[in-house]
Amino acid sequence: MEFVTNAIGRKVPVEVNGREKKPFKQAFDPEYSEEYAGRPGKTKMHSGESKVVELDSVIELISDGDTISYPHYYRLGDVCLKLIVDKLREHGKKNIKILGNAFFDNCIPWLPEAIADGTIGGIMGNCYRGMGKHLVAGDFLPWVVTGFGHGDRVRKFHTGEERVKVAFGPVPVADKWGNANGLLGDPSHWVGPLGLFLADTLWAENVCLLAGEVSDRYIFPRSLSMVDVDFVVKVDNPGNSEGIGSGTLDIEKIRANKFNALIASQVIKVMEAAEVIFDGFNFQVGSGAGLIVLDELRKILKEKKIQAGFAIGGCTSLHVDMLHDGTIANLLHGQCFEPSEKVIKSMLFDHNHHEISTGEYDDVANKENAVNLLDVSVLTTLEMDLNFNVNSVCANGRIIGGIGGAQGVAAGSSLTIMFLPLATGKDGKGFPRIVEDVFTVSIPGEVIDVAVTEEFVSLNPRSKSPYIGNIKKNADRYGLKVISIEELHEKSVAKAKEFGKLPQRIEVTDTPVEVIEWRDGTLLDTIFKPASQ
């Protein structure tokens, strides 16, 4: 296999699964340009007939070697992907590719088994934890998995890079013509926004909804429209809401963690020093310590008697509370992290709680994206290096996480704050989190403005953020200890040694098991099979 070195010094293949790939050049490549794709398939006349069919008839449309697509919004509560894979095997289909986004532990053991027996020829999307173990072990070879962000997945549809024969989307409720939402039906199946699946419905040749309930009445509101849907299949269970939650949402439990409290305090200080909290500012914060940041922001907004323009991303009850008390003017909701009654009812009845698609959120093939309107974003990661490169995927050969929407948020936001602990420890070992060179690059350092740890802050000397000057000017006033990234690295190593012995970086082979794409489809990095596997 032939490799080249990309602009950030990473070894990447020139071809992946038989397709030519380009190396990463820069976060905002002025030469980026792709043709828009037309929709596959042919038109036919319709007369209001029901689209309800059996799954077997849809499976028969699929030929060996075809690509199907599937969204991950039910996360650990998903059950329908297994249903589809079992049907593919039952019908004798072979070498079927799956364009997903994320594959979690609930895919074990049946998805690796389907790859092993040839039913599934390869998967596209981020593998988490248990699926990651199979990936690095080489269980999916000769197929090389591609890890990408939410927006890049949409770009693949938008530009015709991937052509999908059938897109399958689980929904709690649909009508018999193919209108659907994630807000009605059995509460145990609520999933919230269906924006992760919208691109599939726009560019797949055939679209099939897997509905927990099928209504004979026209459904409103419509997250997905009948004009884009070919088939509706009734299923006993489209997915379980309880599997959606992303970590604890209990703000007091989060505050009880000393790290979370320290980090949140630091992030708020950075935001105040930056003077980015003003009337009408737009923001995104994540879960965990990010919820403390959100709660503190709420207090500041109330005190100043100002209002955020919009918050974007995975919404929680706290976001809804802020919408109701007027500290946030609008919520742009693309993916649900908390399918509670409060959040779902807000989506149904609050005029300023807007469901948006992943494409509107971040697809560089679009003519504009919501992430580009962000004034500030707060993200977290596994590790960061001296060039501010970020790794949220692979910890020394062990797959931990994926990419999600972080690439687009980091690139689009006027001020991108990345927080992480200085070091961690386990079983007599210490792990620096500010390292000389990250194991895998998931976000290039040029789009990261500020690194925040429990005690220290580092500013990226390459940052083009309009807020960096304010942070420098106001650092002392807000008690920020600003040091260079090199000094932060030294402190990280010293702290890690307090936990125990620092593990050696693993040896790897020349066999790639995964490539990491930037949001324009260029290759950021390669994960190679460990030599010990």
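Below or above, wherever it landed, is the structure these notes cover.

Quick look at the overall build of the chain
Summing up its helical and strand segments, the chain has 15 helices and 30 strands in all. Relative to a compact globule of 533 residues, whose C-alpha radius of gyration would be 24 Å, the chain shows 23 Å and is just as compact. Taken along the three principal axes of its C-alpha coordinates, the chain extends 70 × 55 × 45 Å. Burial analysis of the chain (533 residues in total) assigns 60% to the buried set. For the chain, the proportion of contacts with a sequence separation of at least 24, taken over those separated by at least 6, is 74%. Summed over its atoms, the accessible surface of the chain is roughly 21,500 Å², and 49% of this surface lies on carbon and sulfur atoms. Taken together, the 57 basic and 72 acidic charged side chains of the chain have centroids lying 2 Å from each other.

Some remarks on the nonpolar core
If you look at the biggest cluster of nonpolar residues, it comprises 104 residues, and the most contacted ones within it are I120, I123, F168, L210 and M384. Discounting chain neighbours no more than four positions away, the residues touching L210 are L55, Y70, C80, I84, F168, G169, P170, V171, V233, V235 and P238. Counting residues in hydrophobic clusters, the runner-up holds 47 residues, among them V267, I277, L294 and L459.

As for helix α8 (residues 258-274)
The end-to-end C-alpha distance of α8, which contains 17 residues, comes to 25 Å, matching closely the 24 Å that a straight helix rising 1.5 Å per residue would cover. By the burial criterion, the buried members of α8 are N260, I263, A264, Q266, V267, I268, V270, M271, A273 and A274. A distance of 2.9 Å separates the backbone nitrogen of F259 from a side-chain oxygen at the start of α8, and that oxygen is part of N257. The first or second residue beyond α8 is E275, which carries a positive phi of 60 degrees.

Considerations on the pairing of strand β15 (residues 328-336)
Across the nine residues that make up β15, a large majority, eight, are buried. The sheet contact formed by strand β14 (residues 308-315) and β15 spans seven bridges and is parallel. From the neighbouring strand, G313 faces β15, where its bridge partner is H333. Following the backbone out of β14, through helix α10 (residues 317-325) and into the adjacent parallel β15, one traces a crossover that is right-handed. Pairing geometry for β15 and strand β16 (residues 353-355), over three bridges, is parallel. What sits directly across from L331, in β16, is H353.

Points about the sheet that holds strand β25 (residues 434-435)
Spatial strand order, β19-β18-β25: three strands in an open sheet with mixed pairing. Across the chains shown, the open sheet's two edge strands, defined by having one partner strand only, are β19 (390-391) and β25. As judged from the two bridges shared by strand β18 (residues 383-385) and β19, these two strands associate in the antiparallel manner. Residue pairing in the sheet places E383 in a bridge with N391 of β19.

Some words on the sheet that holds strand β8 (residues 145-147)
Pairing is mixed across the open sheet formed by three strands, whose spatial order is β8-β29-β30. In this open sheet, the two strands that pair with only one neighbour each are β8 and β30 (523-530). The mean inter-strand angle of the sheet, taken between neighbouring strand axes irrespective of direction, is 40 degrees.

Topic: the packing of α8 against helix α9 (residues 289-304)
It is the contact of α8 with α9, at a shortest axis distance of 8 Å, that shows an interaxial angle of 45 degrees. Taken together, the axes of α8 and α9 lie oblique to each other. Taken as a pair, α8 and α9 cross one another with a handedness that is right-handed. When α8 is examined against α9, the residues N260, A261, I263, A264, V267, I268, M271 and E272 are found in contact with a partner set consisting of A289, I292, V293, E296, L297 and I300.

Topic: the packing of α10 against helix α11 (residues 341-349)
Relative to each other, α10 and α11 sit at 45 degrees, their axes nearing to 9 Å. Taken together, the axes of α10 and α11 lie oblique to each other. Crossing geometry of α10 relative to α11 is assigned as left-handed. Two secondary-structure elements touch here, α10 through S317, V320, D321, L323 and H324 and α11 through K342, V343 and S346. Taken together, the residues of the contact of α10 with α11 break down into three nonpolar, three polar and two charged.

Topic: the side chain of N352
By the element assignment, N352 lies in the loop between α11 and β16. From its side chain, N352 meets the backbone oxygen of A329 in a polar contact 2.9 Å long. If we ignore the near neighbours within four places in the chain, the residues touching N352 are L323, A329, N330 and L331.

Some thoughts on the packing of aromatic side chains
This model, assessed by the stated rule, comprises eight aromatic pairs. With centroids separated by 6.1 Å and ring planes inclined at 80 degrees, the aromatic side chains of F24 and W518 adopt a geometry described as edge-to-face. Placement of the pair is F24 in the loop between β4 (19-20) and α1 (55-59) and W518 in the loop between β29 (508-517) and β30, with a sequence separation of 494 residues. For the pair formed by F24 and W518, the shared burial category is buried. Between F104 and Y128 the ring centres are 4.8 Å apart and the planes differ by 35 degrees, which places this aromatic pair in the tilted class. Here F104 is found in the loop between β6 (96-103) and α3 (110-116), whereas its partner Y128 is found in the loop between β7 (120-127) and α4 (129-136), with 24 residues between them in sequence. Residue class for F104 comes out buried when judged on its relative accessible area of 8%. A cation over an aromatic ring shows up here: K11 above the ring of F3, its NZ or CZ 4.8 Å from the ring centre.

Considerations on empty space enclosed by the protein
Scanning the model with the defined rule gives one cavity of 30 Å³ or more in all. Roughly 90 Å³ of volume is contained in the largest cavity. If you trace the largest cavity, you find 13 residues lining it, with Y70, H72, D78, L81 and A102 closest to the centre. If one sorts the elements of the lining of the largest cavity by residue count, β6 sits on top with four residues. Split by residue class, the lining of the largest cavity holds seven nonpolar, four polar and two charged.

Here's the deal with the pattern of salt bridges
What the rule picks out here adds up to 33 salt bridges. The salt bridge partner of D56 is K87, with a shortest N-O separation of 3.1 Å. Of the two residues, D56 is situated in helix α1 and K87 in helix α2 (residues 80-90); the sequence distance between them amounts to 31 residues. For D56, a relative accessible area of 27% puts it in the partly exposed group. Between K156 and E161 there is a salt bridge, with the nearest N and O atoms lying 2.7 Å from each other. Through salt bridges with shared partners, a single network forms among K21, E34, D152, R155, K156, E161 and E517.

How each quantity is defined
- Residues numbered from 1 in each chain as written.
- Predicted model: local features only at pLDDT ≥ 70, side-chain atom pairs only at ≥ 80, totals over all residues.
- Heavy atoms only, no water.
- Helix = DSSP H or I, 4+ residues; strand = E, 2+ residues; numbered from the N terminus.
- Rg over C-alpha atoms; globule rule 2.2 N^0.38 Å.
- Buried < 20%, exposed > 50% of the residue type's maximum accessible area, 1.4 Å probe, protein only.
- Contact = heavy atoms within 4.5 Å.
- Areas by Shrake-Rupley, 256 points an atom, 1.4 Å probe, with all protein chains shown as cover.
- Lys, Arg positive; Asp, Glu negative; His and termini not counted.
- Charge placed at Lys NZ, Arg CZ, Asp CG, Glu CD.
- Core = buried A, V, L, I, M, F, W, Y, C linked by side-chain atoms within 4.5 Å.
- Expected span 1.5 Å × (residues − 1).
- Polar contact = N/O pair within 3.5 Å; in protein donor to acceptor, adjacent residues only side chain to side chain.
- Pairing = 2+ DSSP bridges.
- Right-handed = clockwise from strand over helix to strand, strands pointing away.
- Axes fitted to C-alpha atoms, helices over the stretch in contact; angles between N-to-C directions.
- Parallel < 35°, antiparallel > 145°, perpendicular 65-115°, else oblique.
- Left-handed = near helix turned anticlockwise from the far one by under 90°.
- Nonpolar A, V, L, I, M, F, W, Y, C, P; charged D, E, K, R; others polar.
- Phe/Tyr/Trp six-rings, centres within 6.5 Å; stacked < 30°, edge-to-face > 60°.
- Lys NZ or Arg CZ within 6 Å of the ring centre and 35° of its normal.
- 1 Å grid on protein atoms, 1.4 Å probe; cavity = no way out; pocket = protein on both sides within 12 Å on 5 of 7 lines; lining within 4 Å.
- Points joined across faces, edges and corners; volume = space filled by probe spheres on them.
- Salt bridge = Lys/Arg side-chain N within 4 Å of Asp/Glu carboxyl O.

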